[in-house]
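Next come the chains, spelled out residue by residue.
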Amino acid sequence: MQHLGTDLARAASVLRSGGLVGMPTETVYGLAANALDEVAVARIFDAKNRPHFDPLIVHLADWNDVDRVAADVPAEARALWSALGPSALTYVLPKRPEVPDLVTSGLDTVAVRIPQLELARQLIASAGVPVAAPSANPFGFVSPTTAQHVADQLADRVDYILDGGPCAVGVESTIVSWTNGRAGVLRLGGIPVEVLSDVLGYVPEVQPSSSQPTAPGMLESHYAPGKPMQLLPHGVDWSTVNRMEGVRCVPWTPGAHGLDALTTSGSCQQGAQRLFAALRDFAASSDRELWMELAPEEGLGRAINDRLRRAAHRAEG
Ligand code: TXA
Ligand code: MG
């Protein structure tokens, strides 16, 4: 039977019976399972070849359910929720014992997200359980931003893929956590740091990239297309770049250079939407190397550049 489609009831029933669903969200597609079912959660790790030290995000349909998984919710987390509502923001909170250790890799915190995409919230609500979901890609590879990407990479390792169309944001959620009462950003993502600062009244510290990560999405090598990548500074003059056969050149904006750019107008929103598909397209092509111009280092551009640096890092190492 075709296992990619738009059958919400079927997707919910797969979740309830311990199966795996390719779940659309506004950021990237997730590989979803009932977060309270350890056997189902173990299947996520197997399907992705994901190391068990890398904890999963628990997705909820509504903020009212947060107390089902979190033991305590800081006032600042509530303030962020009030300001942003369902969004590409993940909150790391003290966990309740009901959340299996497998989900949180034995940490005493749980990462919680209420996705903005309505179809995702409908799926979680109709499954009636909290939903654990990492990005639906094999560990270390580029995240999927269409249902077909999930089918291409995970094929029969997923029981049903719910097609919600291409992801509107295109990069993963921003992860925020609290230490000694102060917010910090564990992963740059769909909600720019500037937006968090506006609500918090201070600039949360962004944890530097590390090979000893608190969040393994922070691993230096991740999102890898499997071939060499070079990053060029934002604003580089492409007419001075010495182009070579077999090297794909991707500027940030179109111009006199005549190359296919990542964006049509320089918008970071569009750049984020197209980023992973561009990396995937390069990976599948016969080109041996990718030269890509960085985004401006602000707003959503910081999340784009973060992903590009990790992708390039793997390629170099
Ligand atoms: O946008 C997203 O966040 C997507 C969609 C599907 O929601 N999910 C996603 O999941 O990107 P994943 O597993 O690829 O990345 C989740 C990151 C991991 O780097 C993990 O280490 C971190 O969240 N994380 C999960 N629980 C954590 C915790 N308790 N403390 C710190 N980091 C945590
Ligand atoms: Mg991921």
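From a predicted model like this one, the values you see are computed outputs, not experimental measurements.

Chemist: Quick rundown of the sheet that holds strand β12 (residues 229-232)? Include the residues and the values.
Modeler: Pairing is parallel in the open sheet, where three strands are placed in the order β12-β14-β13. Bordering the open sheet on either side are β12 and β13 (247-250), each of which pairs with just one other strand. Taking the axes of each pair of neighbouring strands and ignoring which way they run, one obtains an average angle of 15 degrees across the sheet. As defined by bridge partners, β12 adjoins strand β14 (residues 289-293) across four bridges and the pair is classed as parallel. The residue bridging Gln-230 from the neighbouring strand is Trp-291, located in β14. Along the sheet, helix α9 (residues 268-284) makes contact with β12, β13 and β14, crossing β14 at roughly 155 degrees.

Chemist: Can you lay out the domain arrangement of the protein chain for me, pointing to particular residues and giving the numbers?
Modeler: Here the protein chain is partitioned into domain 1 (4-206) and domain 2 (229-316). Each of domain 1 and domain 2 has a C-alpha centre, and the two are 27 Å apart. Summing the contributions of domain 1 and of domain 2, the shared interface buries around 1500 Å²; its carbon and sulfur component is 57%. When the area that domain 1 buries against domain 2 is broken down by residue, the three leading residues are Val-142, Val-171 and Leu-188, summing to 34%. At the boundary of domain 1 with domain 2, the tally comes to one salt bridge. For Glu-172, the salt bridge identified is with Arg-307, shortest N-O distance 2.9 Å. Where domain 1 meets domain 2, there are nine residue pairs in polar contact (both at pLDDT 80 or more). Of all elements in the fold, only α7 (147-154) and α8 (193-200) reach the threshold of two or more residues within the side of domain 1 that touches domain 2. Residue composition of the side of domain 1 that touches domain 2, grouped by class: eleven nonpolar, nine polar and three charged.

Reading guide: rules and limits
- Residues numbered from 1 in each chain as written.
- Chains lettered and ligands numbered in written order.
- Predicted model: local features only at pLDDT ≥ 70, side-chain atom pairs only at ≥ 80, totals over all residues.
- Heavy atoms only, no water.
- Pairing = 2+ DSSP bridges.
- Helix = DSSP H or I, 4+ residues; strand = E, 2+ residues; numbered from the N terminus.
- Axes fitted to C-alpha atoms, helices over the stretch in contact; angles between N-to-C directions.
- Contact = heavy atoms within 4.5 Å.
- Domains from an automatic or database assignment.
- Buried area = accessible area lost by both parts, 1.4 Å probe.
- Salt bridge = Lys/Arg side-chain N within 4 Å of Asp/Glu carboxyl O.
- Polar contact = N/O pair within 3.5 Å; in protein donor to acceptor, adjacent residues only side chain to side chain.
- Nonpolar A, V, L, I, M, F, W, Y, C, P; charged D, E, K, R; others polar.

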